[in-house]
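Observations on the model geometry
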Amino acid sequence: MGVMSCQRPECPEILCRRLVAGAYLCEGCWDELLRFKAGWPETMKRSEVRTKLCAFLEVPPGSYSTISREEVDEEFNRFVRDGDDD
Ligand SMILES: [Zn+2]
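Here we summarise the structure given alongside this text. (Residues numbered from 1 in each chain as written. Predicted model: local features only at pLDDT ≥ 70, side-chain atom pairs only at ≥ 80, totals over all residues. Heavy atoms only, no water.)

**Comments concerning unusual backbone geometry**
Cut-off, in case you're wondering: Strands are runs of DSSP state E lasting at least 2 residues, helices are runs of H or I lasting at least 4, and numbering of each runs from the N terminus. Residue burial is assigned from relative accessible area. The probe radius is 1.4 Å, only protein chains are included, and a residue is buried under 20% of its type maximum, exposed over 50%, and partly exposed in between.
Despite not being glycine, Leu15 shows a phi value in the positive range, around 60 degrees. Considering the arrangement of structural elements, one finds Leu15 in the segment before strand 1 (18-20). A relative accessible area of 58% places Leu15 in the exposed class. Of note in the backbone geometry, Ala21 takes a positive phi value of approximately 50 degrees without being a glycine. Among the structural elements, Ala21 can be located in the loop between strand 1 and strand 2 (23-25). Owing to a relative accessible area of 60%, Ala21 belongs among the exposed residues under this scheme.

Structure below.
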């Protein structure tokens, strides 16, 4: 039997019992998924459910957590580089 690691990138959790779309998910990521799902529209296409789940599984823990304005600015700045730095 494997260690059943959480299959989101960079998540260190192991011994996960919950399978989502065939991928092991730890309790922390599961909670994050439920909070994400709570914000989904009232009605959706089946394919959109699948697309959202797959996108969720492809990114590190916390990626779908709602963050404060300050954290939004920090996150934004992580992606910005001044061209003169090269
Ligand atoms: Zn996880």
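On we go.
**Quick look at the nonpolar core**
The condition is simple: Joining through side-chain atoms within 4.5 Å is the link that ties buried Ala, Val, Leu, Ile, Met, Phe, Trp, Tyr and Cys residues into a set, and such a set is a nonpolar core. Only heavy atoms enter the contact rule, under which two residues are in contact if any of them lie within 4.5 Å.
Among the nonpolar cores identified, the biggest contains 14 residues, and Cys6, Leu25, Cys26, Cys29, Leu33 and Phe56 are the most heavily contacted of them. Listing elements by their share of this core, those giving two or more residues are strand 2, helix 1 (27-38) and helix 2 (46-57). Once residues within four sequence positions are removed from consideration, Cys26 is found in contact with Cys6, Cys11, Glu13 and Cys16.

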